[in-house]
Amino acid sequence: MEFNEEKTIDETRQGEAIVLPSPSPLERGRGEAKKLFLESYGCAMNFSDSEIVASILVGQGYSTTTDETEADLILINTCAIRENAETRVRQRLTEFKKRKKENPSIIVGVMGCMAERLKAKFLEEEKIVDIVVGPDAYRDLPKLIETVEGGQKAVNVLLSREETYADISPVRLGSNGVTAFISIMRGCDNMCAFCVVPFTRGRERSRDPQSIVEEAKDLFARGYREVTLLGQNVDSYLYAGGGLKKEITEEQKKTATTFANLLEMVALVSPELRVRFSTSNPQDMTDDVLYAIAKHENICNYIHLPVQAGSTSMLTRMNRGYTREKYLDRIAAIKRIIPDCGISTDIISGFCGETEEEHQATLSLMQEVRNDFAYMFAYSERPKTFAEKNMKDDVPENIKLKRLQEVIDLQLKHSAEKVKAGVGKVHKVLVEQFSKKSQEMLSGRNSQNTVVVFPKGNFKKGDFVNVLATKCTGGTLIGEAV
Ligand code: SF4
């Protein structure tokens with residue numbers, strides 16, 4: 001799983017969270033709820049974890065706020081996927097120093113992948129930090145807070161063989177009341193050479209499918225009309241009673257719940273509930289999943305399938321577990337079984353040893369697939385990864401950035417073509433909010449995950465509207481309800 005850390009989910013959704021005007025921590029009377037300020041960086045999985053943490057702490061009497069000046073407890077959910085993701089967290093911690101100076105009783109904690117990567121070292125490197133808690137230890141937060149209130153620093157970065165937080169009902173943070181994430185599994189058993197996730201999120205374990213269906217039913221009953229099933233590698237989802245995936249026996253696999261099974265179970269909650277998922281993996285994606293998507297109208301025709309590079313030689317060095325041919329075979333299967341499927345991907349430019357020829361292979365693969373959208377990055381060496389230990393980050397920065405720009409330029413061309421192809425067609429749009437540009441226009445996405453904007457008429461958030469697209473901008477279709 002990769003996500004655009006340039007824009008935190010918090011920032012994009014800030015201002016919609018619950019804010020109750022109240023006195024600052026110093027003036028708060030006895031028995032008044034303490035305030036939790038939670039800021040999330042990185043991928044959707046991190047954001048979903050923040051909702052689980054909010055639920056645990058609201059259960060302890062906290063209430064959430066998006067105003068850091070009101071906070072008694074500040075938690076940053078950190079990302080370690082690239083150097084600049086960590087730099088941003090350190091900058092924020094510097095900014096919080098001012099808060100702590102104003103009120104020394106404020107508790108500052110770091111959670112997520114950077115916390116897991118650095119562990120207790122985080123306390124040495126950032127003196128303002130009181131708590132370091134890893135992705136599998138969030139249940140321990142109340143005790144860690146107590147330890148800090150007792151005058152100590154607190155750390156829990158134990159990774160778990162069972163933890164999926166299946167019994168915790170997330171508190172929806174900054175929600176639009178229409179779409180929500182549901183985490184279906186934790187960890188990753190793949191060992192892509194550039195990736196820190198297996199070290200920061202541990203081994204794969206899938207969540208009980210019944211608890212996932214119950215969460216989807218609860219969200220539907222509360223008016224949500226779309227759920228996104230989240231996992232580092234959803235195609236690897238396999239439930240046979242809990243615990244680590246790698247310990248599931250061949251016998252157990254015969255009756256285990258697969259991702260295709262789970263998709264159908266969630267789709268059957270209601271035909272009025274849209275189902276999306278992220279992130280898929282070419283190594284594990286089966287035709288069963290594609291047939292399940294084709295069978296249920298409410299499972300969206302959109303797949304995020306990271307490729308990372310276009311040559312088998314590079315994919316082998318990255319330890320991605322598939323070849324260029326295998327990837328193209330998966331793309332061909334998608335186009336055969338779900339002809340109008342939207343497809344997006346991830347690409348890394350300038351990984352160790354990348355030749356001009358391998359770069360050209362990435363461009364030619366993009367030309368062949370013509371993705372709707374892509375997340376594109378220059379390789380950023382990460383500590384503890386296989387690549388950091390065994391390979392040289394030897395592609396000069398200017399070459400990395402030149403190649404990345406070529407990848408971006410090609411993708412922008414393909415994205416514009418794909419959006420343009422949607423003009424003149426009718427799209428079933430789930431209304432999520434007003435358009436950013438006008439309160440007279442509503443905005444939502446079609447099944448292929450393309451943003452569609454149209455005059456509001458009598459429609460409202462949560463409605464499914466058929467929209468005839470009459471024109472488009474770079475990434476958005478514009479039309480009329482029909
Ligand atoms: S599949 Fe690879 S890139 Fe994705 S989280 Fe797992 S190790 Fe990282």
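Residues numbered from 1 in each chain as written. Predicted model: local features only at pLDDT ≥ 70, side-chain atom pairs only at ≥ 80, totals over all residues. Heavy atoms only, no water.

Visitor: Quick one: what's the story with the nonpolar core, residue by residue and with numbers?
Guide: Counting residues in hydrophobic clusters, the biggest one holds 95 residues, and the most contacted among them are Leu229, Phe259 and Phe351. Each of domain 1 (13-156) and domain 2 (179-421) contributes no fewer than three residues to this core. With sequence-adjacent residues up to four places away left out, Leu229 is seen in contact with Ile182, Ile184, Ile212, Val234, Phe259, Leu262, Leu263, Val266, Val275, Arg276, Phe277 and Ser278. Judged by nonpolar contacts, the second largest core, of 30 residues, contains Ala44, Met45, Ile107 and Leu141. (Core = buried A, V, L, I, M, F, W, Y, C linked by side-chain atoms within 4.5 Å. Buried < 20%, exposed > 50% of the residue type's maximum accessible area, 1.4 Å probe, protein only. Domains from an automatic or database assignment. Contact = heavy atoms within 4.5 Å.)

Visitor: An account of unusual backbone geometry is needed here, citing residue identities and associated values.
Guide: Peptide bonds are trans in most cases, and residues, glycine excluded, mostly fall at negative phi. The peptide bond linking Ser278 to Thr279 adopts the cis configuration, its omega dihedral lying at 20°. As for its placement among the helices and strands, Thr279 is situated in the loop between strand S13 (274-278) and helix H11 (287-295). Positive phi, normally seen in glycine, also occurs at Tyr165, with a value near 50°. Mapping Tyr165 onto the fold places it in the loop between strand S6 (154-156) and strand S7 (179-183). (Helix = DSSP H or I, 4+ residues; strand = E, 2+ residues; numbered from the N terminus.)

Visitor: Requested: an account of the sheet that holds S6, with residues and values cited.
Guide: Spatially, S2-S1-S3-S4-S5-S6 is the arrangement adopted by the six strands of the open sheet, whose pairing is parallel. With partners counted over all chains shown, the strands left at the sheet margins are strand S2 (62-65) and S6, one partner each. Here the strands of the sheet are splayed against their neighbours by 20° on average, with no regard to which way each runs. Pairing of strand S5 (residues 131-133) with S6, which is carried by three bridges, proceeds in the parallel orientation. Opposite Val133, over in S6, you have Asn156 as the bridge partner. Set on the sheet, helix H3 (residues 83-102) makes contact with strand S1 (34-40), strand S3 (73-78) and strand S4 (107-112); between it and S3 the angle comes to about 175°. Its contacts with the sheet place helix H6 (residues 141-149) against S1, S2, S3, S4, S5 and S6, and it is angled at close to 160° to S5. (Pairing = 2+ DSSP bridges. Axes fitted to C-alpha atoms, helices over the stretch in contact; angles between N-to-C directions.)

Visitor: Lay out the sheet that holds strand S18 (residues 441-445) with the relevant residues and their values.
Guide: Spatial strand order, S17-S18-S19-S21-S20: five strands in a closed barrel with mixed pairing. Each adjacent strand pair in this sheet contributes to an overall mean axis angle of 55°, direction not counted. Inspection of the sheet shows strand S19 (residues 451-455) paired to strand S21 (residues 476-481) by three bridges, in the parallel sense. Bridge pairing links Val451 to Thr476 in S21.

Visitor: Describe in detail the pattern of salt bridges, supporting the description with residues and values.
Guide: Across all of its chains, the model carries 52 salt bridges by this definition. Put simply, Glu215 and Arg172 hold a salt bridge, and the shortest N to O gap is 2.6 Å. Of this pair, Glu215 sits in helix H8 (residues 209-221) while Arg172 sits in the loop between S6 and S7; the two residues are 43 residues apart in sequence, bridging distant segments of the chain. Residue Glu215 shares its accessibility class with Arg172, and that shared class is buried. Salt-bridge contacts for Arg203 lead to Asp189; the nearest nitrogen and oxygen are separated by 3.3 Å. On the criterion of sequence distance, the pair formed by Arg203 in the loop between helix H7 (197-201) and strand S9 (205-206) and Asp189 in the loop between strand S8 (185-186) and H7 is long-range, its members being 14 residues apart. (Salt bridge = Lys/Arg side-chain N within 4 Å of Asp/Glu carboxyl O.)

Visitor: I'd like a rundown of the packing of H8 against helix H10 (residues 259-267), residues and numbers included.
Guide: At a minimum axis separation of 9 Å, H8 and H10 run at an interaxial angle of 30°. By the angle between their directions, the pair H8 and H10 is classed as roughly parallel. Relative to H10, H8 is oriented so that their crossing is right-handed. Mapping the contact onto sequence places Pro209, Gln210, Ile212, Val213 and Ala216 in H8 and Leu262, Met265 and Val266 in H10. Among the residues forming the contact of H8 with H10, the class breakdown is seven nonpolar, one polar and no charged. (Parallel < 35°, antiparallel > 145°, perpendicular 65-115°, else oblique. Left-handed = near helix turned anticlockwise from the far one by under 90°. Nonpolar A, V, L, I, M, F, W, Y, C, P; charged D, E, K, R; others polar.)

Visitor: Go over the side chain of Ser55, please, and point to the residues and values.
Guide: Structurally, the position occupied by Ser55 is in helix H2 (residues 44-58). Ignoring any residue separated from it by four or fewer positions in sequence, one finds Ser55 in contact with Ile168, Ser169, Pro170 and Val171.

Visitor: I'd love a proper account of the pairing of S3, names of residues and values included.
Guide: For S3, the tally of buried residues reaches six of six residues, placing the bulk of the element in the interior. Burial along S3 is two-sided: the residues Leu73, Leu75 and Asn77 and Ile74, Ile76 and Thr78 are all buried. Each parallel crossover has a hand, and for S3 linked through H3 to S4 it is right-handed. (Right-handed = clockwise from strand over helix to strand, strands pointing away.)

Visitor: An account of the domain arrangement of the protein is needed here, citing residue identities and associated values.
Guide: When its domains are assigned, the protein resolves into domain 1 (13-156), domain 2 (179-421) and domain 3 (426-481). In this complex, domain 2 contributes 17 residues to the contact, which on the side of domain 3 involves 18 residues. When the buried area of domain 2 at its contact with domain 3 is split by residue, Arg274, Arg276 and Val419 rank highest and sum to 42% of it. Our count for the contact surface shared by domain 2 and domain 3 stands at two salt bridges. Put simply, Glu226 and Arg445 hold a salt bridge, and the shortest N to O gap is 2.9 Å. Where domain 2 packs against domain 3, one counts eight residue pairs in polar contact (both at pLDDT 80 or more). Put simply, the parts of the chain that give the side of domain 2 that touches domain 3 at least two residues each are S13 and helix H16 (397-420). No other element matches H16, which puts four residues into the side of domain 2 that touches domain 3. Of the residues contributing to the side of domain 2 that touches domain 3, the split by class is five nonpolar, four polar and eight charged. (Buried area = accessible area lost by both parts, 1.4 Å probe. Polar contact = N/O pair within 3.5 Å; in protein donor to acceptor, adjacent residues only side chain to side chain.)

Visitor: Lay out the layout of surface pockets with the relevant residues and their values.
Guide: Each pocket or cavity is described by its volume, and for the second largest pocket that value is around 550 Å³. Top element by residues in the lining of the second largest pocket is strand S17 (residues 426-434). It accounts for three residues. By residue class, the composition of the lining of the second largest pocket is ten nonpolar, nine polar and eight charged. In terms of domain composition, the lining of the second largest pocket takes at least three residues from each of domain 2 (179-421) and domain 3 (426-481). (1 Å grid on protein atoms, 1.4 Å probe; cavity = no way out; pocket = protein on both sides within 12 Å on 5 of 7 lines; lining within 4 Å. Points joined across faces, edges and corners; volume = space filled by probe spheres on them.)

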